[in-house]
Each structure stands twice: as C-alpha cells, then as structure tokens.
2 protein chains.
Amino acid sequence: MKVTPVKGTNDYLPKEVEIRDYLQQKILEVYLANGFEHIITPVIEDIENLDKSDGGENLNLIFKIMKRGDKLDKALASGVTSENENVLADMGLRYDLTLPLSRYYANNKDKLTLPMKCIQMDRVYRAERPQKGRLREFIQCDIDIIGSESNDSEIELILTTTKALQAIGMKNFKVKLNDRRLLRAVLMQMGFAENELDSVCITFDKLDKIGMDGVEAELTEKGFAKEAITKFTQFLEKNDFSLDSLKDMLEDKEPAESLEKIMTTVKALSAGAYDVVFDLSLVRGQGYYTGTVFEVESIDFKGAIAGGGRYDNLIGKFLNQSIPAVGFSIGFERIFSILMQNGIEIPDGSKKIAVLYEDGHLTEAVKTAEKLRSEGMIASLYIKPKKTGKFLSKLEERGYAGFYNVEQAEEVSYFGA
Amino acid sequence: MKVTPVKGTNDYLPKEVEIRDYLQQKILEVYLANGFEHIITPVIEDIENLDKSDGGENLNLIFKIMKRGDKLDKALASGVTSENENVLADMGLRYDLTLPLSRYYANNKDKLTLPMKCIQMDRVYRAERPQKGRLREFIQCDIDIIGSESNDSEIELILTTTKALQAIGMKNFKVKLNDRRLLRAVLMQMGFAENELDSVCITFDKLDKIGMDGVEAELTEKGFAKEAITKFTQFLEKNDFSLDSLKDMLEDKEPAESLEKIMTTVKALSAGAYDVVFDLSLVRGQGYYTGTVFEVESIDFKGAIAGGGRYDNLIGKFLNQSIPAVGFSIGFERIFSILMQNGIEIPDGSKKIAVLYEDGHLTEAVKTAEKLRSEGMIASLYIKPKKTGKFLSKLEERGYAGFYNVEQAEEVSYFGA
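Calculation criteria
Starting afresh in each chain, residues are numbered from 1 along the sequence in its written order. Lettering for chains starts from A, numbering for ligands starts from 1, and both go in the order in which the items are written. Predicted model: local features are reported for residues with pLDDT of at least 70 only, side-chain atom pairs are reported and counted for 80 or more only, and whole-chain, interface and lining totals are derived from all residues. To obtain the side-chain values, all non-hydrogen atoms of the structure were used and water was disregarded. Secondary structure elements follow DSSP: runs of H or I of four or more residues count as helices, runs of E of two or more count as strands, with numbering from the N terminus. Here, two residues are considered to be in contact whenever any of their heavy atoms come within 4.5 Å of each other. The Shrake-Rupley method, run with a 1.4 Å probe, gives the accessible areas here. Residue values count only the displayed protein chains as cover. Residues scored as positive are Lys and Arg, those scored as negative are Asp and Glu, and His as well as the terminal groups of each chain are ignored. A charge is said to be at NZ when it belongs to Lys, at CZ for Arg, at CG for Asp and at CD for Glu. For the purposes of this section, nonpolar cores are sets of buried Ala, Val, Leu, Ile, Met, Phe, Trp, Tyr and Cys residues that join through side-chain atoms within 4.5 Å. Note on classification: 1.4 Å probe, protein chains only; a residue is buried when its accessible area is under 20% of the maximum for its type, exposed when over 50%, partly exposed between these limits. As annotated, the domain borders come from an automatic or database domain assignment. Any carboxyl oxygen of Asp or Glu within 4 Å of a side-chain nitrogen of Lys or Arg constitutes a salt bridge here. Between N-to-C directions, angles span 0 to 180 degrees; the directions come from axes that are lines fitted to C-alpha atoms, helices contributing only their stretch in contact. Here the angle decides the label: under 35 degrees means roughly parallel, over 145 means roughly antiparallel, 65 to 115 means roughly perpendicular, and every other value means oblique. Note: crossing handedness is left-handed where the near helix turns anticlockwise from the far helix by less than a right angle, and right-handed where it turns clockwise. Amino acid classes used here: Ala, Val, Leu, Ile, Met, Phe, Trp, Tyr, Cys and Pro are nonpolar; Asp, Glu, Lys and Arg are charged; the rest, including Gly, are polar. Alignment of copies: least-squares fit on C-alpha atoms of residues with pLDDT of at least 70 in both copies. The quantity reported as buried area is the accessible area (1.4 Å probe) lost by two parts once they are put together, taken as the sum for both. Between any two strands, pairing holds if DSSP finds at least two bridges. Polar contacts here mean pairs of N or O atoms no more than 3.5 Å apart (in protein, one a potential hydrogen donor and the other a potential acceptor; neighbouring residues in sequence count only if both atoms are side-chain atoms). One less than the residue count of a helix, multiplied by 1.5 Å, gives the span that helix is expected to have. Think of it this way: the bend at a residue is just the angle between two axes, each fitted to seven residues, one set ending at that residue and the other starting at it. Put simply, two rings from Phe, Tyr or Trp (the six-membered ring, in Trp's case) pair if the centres are within 6.5 Å, and we call them stacked under 30 degrees between planes, edge-to-face over 60, tilted for the rest. By definition here, charges over rings are those cases where NZ of Lys or CZ of Arg is within 6 Å of the ring centre and within 35 degrees of the ring normal.

Draft legend 1. Looking closely at the overall build of chain A. Counting secondary structure elements, chain A contains 14 helices and 15 strands. For chain A, the spread of C-alpha atoms along the principal axes amounts to about 90 × 65 × 45 Å. Taking as baseline every contact in chain A between residues at least 6 positions apart, the subset at least 24 positions apart corresponds to 69%. Accessible surface computed for chain A: about 18200 Å², of which carbon and sulfur atoms make up 47%. Here chain A contributes 55 positively and 67 negatively charged side chains, and the mean placements of these two sets differ by 4 Å.

In structure tokens form, the structure reads like this:
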C-alpha cells in the first residue's frame, strides 16, 4: 500500500491543523461580522455543469468521477477512445466555489432573499502540475454578493476581504483592479474583432513575462490583422495605462468611472493601509467574469493571494433570468504557506496537561482528568510508560504545559517550573 | 445546466449551516478538551489503498476518479470492459476516515508520538442507494487512539464520544458492545471453519430481521456443514447470549473478561446516564476490525448514530510493523437529522443588524456598520430597496434583530420593540 498522500494533496500534522483551524475561524468571524452568511455546497458536481461553466483553463483540470454499474457498462460498450472519454464520467470534483454557488442559488432561490451575501470556505480540486505552492486539493475562502448590480458590492467585498487578511496578520499587500469591459473596449478600438478578444487578452496577460516584442510576435503568430497589432503596439509603447488616459480614449466612460469610484472609496475607507491600483493587464483566468476583476497581491511573496470579480451571466445559465453577482476568493493555501514561512504565532489555547497513571488505575485517572477539564484545561490520559522521562520530554516538545502523576502527586507539575 | 445537487448530496441553507457549524464546533471542543488532536487527511486516496483496505461492503461503494492524459489513453488502448474497469481509475474518494488515518500514521510516524490520540471531522463518500438519511457525501466525526493495546483506550473512546453526544443535546441512547474474537470463538466451537466465519457472521447479523429459522435456512443455503448449523441453531434456541454464559462456554476467557472490564468501567464512570449492553449479534460491516466493536444506538430513532472498534492490523498493511489502533466515529448526518427533527435551539449569537442606506451614501453606511461591529454586532449593508417594508419583514424572518436607517436614524430600530 502507498504511504504518501496522492500527488498534490497533503497530510496535516496536529500543529499545522491548529493553525489552519485558527486562521479559518478568524476569517469566518470577519466575514460573519460583516453580514455574510455561511453556506455549504457539495464537493461533487454534475459533469455537464462543470464542462459548460466557462471556467477557462480550469476546465482542463477537472477530476472526473467514473460512472457506475449499468451506466458504465453501457458507456464502455459504446466504444470509448481518448476522443470521447467524457462518456465515462457523470460527475466531477468542483474546481472552484463559484460554479456550485451559482447552481445553489438557482436551486434554492425561493428560500433566499436578494441581495444575498454568502460565505463558502471549502475544498476545491484542480489537476495542476504539482509545483511549489500549487496543490491539487486546496481550500478557498469565498464571499459573494448575489443580486446587486451596484459597484458598492465590489467595494464591500474588497473591504471585507482585506479586513480578513489583516485579521490573520497578512501585511504588505496591494489591491489591483481592472474591468473586463475596459480592456475589451480598448482592443475593439484597435480593430480586433469581438471573437478575438479573449485570445488577445491571454497574450496581453503575458506582457510582464515576454515584453512588448513578445506580445507583438505572439499576436502576429496567432494571425490577427496587422493593423490592429500595430495600433496595439503603439498603444503599449505609449506606456500610459492610466485610468484617466483610457477614459479620454474611450467613448463609453462608464467602466472607467465605475473603477474610479471603487478605487476612491476603498482608498478612503481603508485609510491607506494598502495600495489600490488600476492594472489594465489584470485579466484573471476564468471566462465567466463580465466586468470588474480584482486581486490582492502579496508584495513580499509576489503573486495573488486573493482574486475575484463580477460574473453577471453565470447564474443565468441555470435560470431563465439573469442575476448579477460578484465574488472574492482568498487562496487559503497561499496565505497558510506565507504565514508558516513568516513564523506565525497564534494565541495560547487552554493548557494541555498529561494525566499519567499506572496500568489498572484508569478510574482514578479519569476522575482527575475530569477535574482538570472542569477547570478549563485540556487533560489527556496516558498509562505511565516505562521511559517516563523521555515520554515527558516529548510531551513538552508537543506543547504540553505539564503533567499530573495520579498515584504520586496532588497537583499538576508544570514543565520548566 | 442541472439545478439540483448531484444525487445523495445536499445544499445547506444559512440557518442549517449555522447549526451544523455549532454542532461540529461543540463536538470538536469536547474532543480537544479530552486531549485528542485535530488532524486533516486528503479526501482523495490512491485507488489501490482503498481497494486493499478490508472495508467490507464499502469497497463496492467507492467513487473512482478517472486517470488523465496519457495514462487514460493507455488504459483505453488496452481494451477496457466492465470486467477490468478499474484500470481506468488511479484514485478514489475515501469511504471512511480510518483508512486515510492508517496511511497518515505510516507516512508521518517519525513526527508523531505513540500513543497518538487524534480527531478527524470531515467528508467521506459512499455510492449508497439514496434513501432516507443515507447520503453519498457525508460528515464523520472520528476519534482514534493509535499505539495502545490496552482496553483503557476503548473506555476512553466510549466516554469521550458519549460526552460529545451529550454536549450537543443527544438523549436516550445506549452503548452496545461486542468482540469479534468472542463471536469467532463461539462459531469455531460449533464446528465452522475459520474461513467460513465472516460469511456466518453476515448471516447471524440478520437474526433480528429474519429470525432463527431464517438464519438456519440461509446457512444451509450457503452450504455449511449440517452439524455446525445444528449446533448453532441449538445455541440460538437457548437464547442465552449473556457474557457470563459465553465465558463458561469458551476456553479463552480473555475477550469476555476484556469486555466485562470495559462495560463495568464505562457504567461506573458514566453514572448510569445511558445503558451499556453486550450484544453478541453486533458485527459492524468493516472487515478491518479485529477485536472490540461498539455502537451508540439512538433509542428513539432506532439505528446506530456512532460506531467503531479495534483495528490492530490495518496500519500494519502500510508498515512492516503491526501497530494497535482503535477508533469511534459519530455519524454526523444522523445526529443532524435527529436534532433538526427534534427542533434544536442553539445559543444566540451576535445581534444581526441591517444597515440601510440611500444609493450613493456607501461611505457613511460603512462607518456606521463598523461602529456597530466594534460593539459586537453583526452589521450587513443594504442599499434601501423600493419596498422597504417587505424587505424589513424578510430580514426579521431571517433572524435579524433590527435595522439602522443611515440617513434618518441615530440608533438601531429593533424589530418588535
């Protein structure tokens, strides 16, 4: 039997779980205090729902669950090749919490009131190539507001998410914003066709990595109109991606003004605790975003620690009715790894005491332990081992405050006392 | 797109999640106070580990995850039929928390100290035929003690599990115990062969349902020796399954004496809060149990709400070394459904206040909300809707204590005040 957990998943030791529980509880507390409500959706989803969810690259990373019994036999009998492997699966592990939430709202809308503000903190799965900090099973901490078109919702999500990050001791981050509509308008003005925009965005997203020449080369390779590429290159060369200049450039001022309002309000209300910056190159992978997109970037550790945006069309895929929605998701594993690297300290919990007893004297030991517990301590029973000294030093290492020797002592012996 | 969650899984509404979170937190608190430590294992496991885990009937209920890319292509090219469908899968969803724990111990043993007492509260998956109270995705709350042969561990697990049940308001239950070794010894004395015992146990487990004649008929049908069946029927007819008479009957007194000690000690330490009874017909489905097995049975709602036992050989499958272990698992979904049916009340949390503001006045509303939060309240922002009265009455229904009208009021208006 294989001893290690499957690739991209982790076993968590007691000390790690203590910290994970603490962090998740803190984040949950902030979310709850801000009026969001905790909901739970299943980890497994219908495979068609996942496949049709506009999840971008994530759709290639879905773990598929095999059909069973007759259904599987029938699929196998139909002749499966690598071309139509999908007939073997009827469910999959969710790759995010947004798709399940959209289905959840459609399923339960009669029992819910709009605007609905909700929390999900739960596992998601992606078949990523394992690499540093990229797990295949990981926790996301999401808040979403469903049913409001106002960009007050974006502001509320940003303020609440950053408050949660601050509450768990995350420092030195900035908030980056963009609006999909803005980038699309810029590109269309350059002469790209509507159905080319997604592909151009994907290339543009690499500007940091491959530079302007790289972007030009890739766009040419993709076969876009030369004129559009030239205009776009000239635009990049100007190197002026400020919101003001974009507003001048574009006819529809609404997206830029909406972003301006969000940024100004967040800056004012967060009292300068972090930078809030416009970033035209911020795209985000998911195809389902329709407007504002945003990220929190750790300055020390590079890369996003939270991301989100507006997805006004996703719920409509489940209903005959379009429902606006916007969400923000903390990547819990990134946070956890940054905080562990920085050496996080969590508040002391209850004192842990080992209650040691001679074999055969359990009843007395249980009574002693119950007394300690009634005084607010954690009490753990152990039959006294042969090498008591070694055992006690291990307990001390593991964070025990002391021990109680049932047959010999009348009180707790504290380590180091 | 499909609006309902996949068969056997649930969407949980905010009010339900509040209760689920409360119950799980309470159970966790009891477990922690008793010196158990929280650990986390992945939901997905290697398919071979699952297949070879002696999980009994559960092995037929595993959700299998399809291989990906080249591995899948290769499997498909090899010619898959319903006979060898397993070549398509390399992972599966765990069907319990005991197998992952055994792997976990083997993987992390150098960082852990024996005896190790641990908690898992997490999702498991079984492809059950959906029926009342049987979900395909469900939560188990497990405590386990690894590394101790002493039946003090059984006592500790029973006392701690029943304390957790009491802490969440479960009443009117009894603890049933048996020892696999006892039942096996009885059957071997009747003349059944060692390799027949599991099959006989499965039939015997149905005594309640099919009666003595039914047991006899089924054993005959299975083709066991007539003499053994006759002896067994005579034993059943005597209808004396007391521990005392079994002790008289069997040469090896140890299993009976061990059970006697467990039962006497639990009875004494639980001060008669629940019955503790020996039940020779208690088998439990998993193949991996080696000694004591136990259940908590709800008297009002029939059926087990917690179950467990000793599995001294499972960890050995991962190591060259045999490590004793025993565990007890609360079936959280049963508990949740019983408590919901009985009408559970949980302690009031923080007061929930809706902060209503006119569109355009978010900043002032945020400041008001922050003030309320600093006073310990939950404050949720809402743009004032057109039909304010209807909106407010919905908030009241949803458990809000009152509202604060940012432009008009200077204080909270409480509902019903």
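Draft legend 2. Here's a closer look at the nonpolar core. By size, the foremost hydrophobic cluster in this structure holds 91 residues, and its most contacted members are B:Ile27, B:Ile158, B:Met170, B:Leu177, B:Phe192, B:Phe232 and B:Ile330. Considering every element that reaches this core, the biggest residue donor is helix H1 (residues 14–33) of chain B, with seven residues. Not counting residues up to four positions away in its chain, the partners in contact with B:Met170 are B:Leu165, B:Ile305, B:Ile335, B:Ile338 and B:Leu339. Counting residues in each nonpolar core, the second largest holds 90 residues, with A:Tyr31, A:Leu165, A:Val283 and A:Phe332 among its members.

Draft legend 3. Seen up close, the domain arrangement of chain A. Assigned domains within chain A: domain 1 (14–342) and domain 2 (352–414). With centres defined by C-alpha atoms, the gap from domain 1 of chain A to domain 2 of chain A works out at 50 Å.

Draft legend 4. Quick peek at the pattern of salt bridges. All names here are of chain B. Inspection of the entire model under this criterion finds 67 salt bridges over all chains. Arg94 serves as the salt-bridge partner of Asp122, at 3.2 Å between the closest nitrogen and oxygen. With Asp122 in strand E5 (residues 116–125) and Arg94 in the loop between strand E4 (89–93) and helix H4 (98–108), the pair connects residues that are 28 residues apart, well separated along the chain. A relative accessible area of 0% means that Arg94 is categorised as buried. Residues Lys247 and Glu260 are paired through a salt bridge, measuring 3.0 Å at the closest nitrogen-oxygen approach. Residue Lys247 is located in helix H10 (residues 243–249), and its partner Glu260 is located in helix H11 (residues 254–270); the two are separated by 13 residues in the primary sequence. With relative accessibility at 21%, the residue Lys247 sits in the partly exposed group. A relative accessible area of 22% places Glu260 in the partly exposed class.

Draft legend 5. Main features of the side chain of A:Ser102. Tracing the backbone through its elements, the reader meets A:Ser102 in helix H4 (residues 98–108). With sequence-adjacent residues up to four places away left out, A:Ser102 is seen in contact with A:Tyr311, A:Leu314, A:Ile315 and A:Phe318.

Draft legend 6. Seen up close, the packing of helix H8 (residues 207–221) of chain A against helix H9 (residues 226–238) of chain A. All names here are of chain A. Interhelical geometry of H8 versus H9 gives an angle of 160 degrees and a closest axis separation of 9 Å. For the element pair H8 / H9, the angle class is roughly antiparallel. In terms of crossing hand, the pair formed by H8 and H9 is left-handed. Counting all contacts with H8, which are made through Leu207, Met212, Val215, Glu216, Leu219 and Thr220, the residues of H9 involved are Ile229, Phe232, Thr233, Leu236 and Glu237. Each residue belonging to the contact of H8 with H9 can be placed in one class, and the counts come to seven nonpolar, two polar and two charged.

Draft legend 7. Local environment of the relation of the copies chain A and chain B. When chain A is fitted to chain B, the best match, at an RMSD of 0.1 Å, comes from turning it 180 degrees and sliding it 0.0 Å along the axis. Overall, the copies show the geometry of a two-fold rotation axis. If distances are taken from each C-alpha of chain A to the rotation axis, the shortest is found for A:Ile65, at 2.3 Å. A shared interface surface links the copies, since 100% of the contact residues of chain A are contact residues in chain B too.

Draft legend 8. Seen up close, the interface of chain A and chain B. At the interface, 102 residues of chain A touch 102 residues of chain B. Across the interface of chain A and chain B, roughly 8600 Å² is buried in total on both sides, 59% from carbon and sulfur atoms. The largest per-residue losses of area from chain A upon contact with chain B belong to A:Met1, A:Met66 and A:Arg68, which jointly make up 9% of the total buried on that side. Across the contact surface, chain A and chain B share 13 salt bridges. A:Glu370 is the salt-bridge partner of B:Lys163, the closest N and O atoms lying 2.4 Å from each other. Looking at the side of chain A that touches chain B, the element that brings in the most residues is helix H1 (residues 14–33) of chain A, giving eight residues. Residues that form the side of chain A that touches chain B fall into these classes: 51 nonpolar, 20 polar and 31 charged.

Draft legend 9. Region of the structure containing the environment of A:Val175. All names here are of chain A. Positionally, Val175 belongs in strand E7 (residues 173–179). Residue classification places Val175 among the buried residues on the basis of a relative accessible area of 0%. Distance from Val175 to Gly147, taken between C-alpha atoms, is 24 Å for residues 28 residues apart in sequence. Beyond its immediate stretch of four places on either side in the chain, Val175 contacts Ile158, Thr162, Tyr274, Asp275, Val276, Val277, Glu295 and Val296.

Draft legend 10. Highlighting the sheet that holds strand E1 (residues 37–38) of chain B. All names here are of chain B. Strands sit in the order E1-E5-E6-E11-E10-E9-E7-E8 across an open sheet of eight strands; the sheet is mixed. At either margin of the open sheet sits one strand with a lone partner, and together these are E1 and strand E8 (275–278). Of the strands in this sheet, E5 and strand E6 (137–146) are in contact with H4, which crosses E5 at around 135 degrees.

Draft legend 11. Quick look at the sheet that holds strand E14 (residues 402–405) of chain A. Residue and element names in this part refer to chain A. One open sheet accounts for four strands, arranged E13-E12-E14-E15; its pairing is mixed. Bordering the open sheet on either side are strand E13 (378–383) and strand E15 (413–414), each of which pairs with just one other strand. Summarising the sheet, strand E12 (residues 352–357) and E14 pair through four bridges and their orientation is parallel. Among the inter-strand pairings, Ile353 is bridged to a residue of E14, identified as Gly402.

Draft legend 12. Region of interest: the side chain of A:Ser298. Residues and elements named next belong to chain A. As for its position among the elements, Ser298 is in strand E9 (residues 292–298). Separated by 3.0 Å, the side chain of Ser298 and the backbone nitrogen of Phe301 make a polar contact. The residues touching Ser298, leaving out its near neighbours within four places in the chain, are Asn172, Phe173, Gly303, Ile305 and Ile338.

Draft legend 13. Region of interest: helix H8 (residues 207–221) of chain B. All names here are of chain B. Here H8 is 15 residues long, yet its end C-alpha atoms lie only 16 Å apart, well below the 21 Å a rise of 1.5 Å per residue gives. Asp213 marks where H8 bends most, by close to 75 degrees. Among the residues of H8, Leu207, Gly214, Val215, Glu218 and Leu219 are the ones counted as buried. Residues of H8 that are buried make contact with helix H7 (197–204) and helix H9 (226–238). Just downstream of H8, Gly223 is the residue with a positive phi angle, here 85 degrees.

Draft legend 14. Spotlight on the pairing of E7(A). Residues and elements named next belong to chain A. Most of E7 is tucked away, with six of its seven residues classed as buried. Sheet analysis places E7 next to E9, joined by seven bridges and oriented antiparallel. In the strand pairing of E9, Leu177 is matched with Phe294. Relative to strand E8 (residues 275–278), E7 runs parallel, the two being bridged by four bridges.

Draft legend 15. A look at the packing of aromatic side chains. All names here are of chain A. All chains considered together, the criterion is met by 28 aromatic pairs over all chains. Cluster of aromatic residues (ring-pair linked, three or more members): Phe192, Phe204, Phe224, Phe232, Phe235 and Phe241. One cation-aromatic arrangement involves Arg20 over Phe336; the distance from NZ or CZ to the ring centre is 4.8 Å.

Draft legend 16. Geometry of the pairing of strand E10 (residues 304–310) of chain B. Residue and element names in this part refer to chain B. Of all seven residues that make up E10, six are buried, and the element is covered over most of its length. From the end of strand E9 (residues 292–298) to the start of E10, which pair antiparallel, there are five residues, and Lys302 there has a positive phi angle of about 50 degrees. The pairing of E10 with strand E11 (residues 325–331) spans five bridges and is antiparallel. When the sheet's bridge partners are listed, Gly307 is paired in E11 with Ser329.

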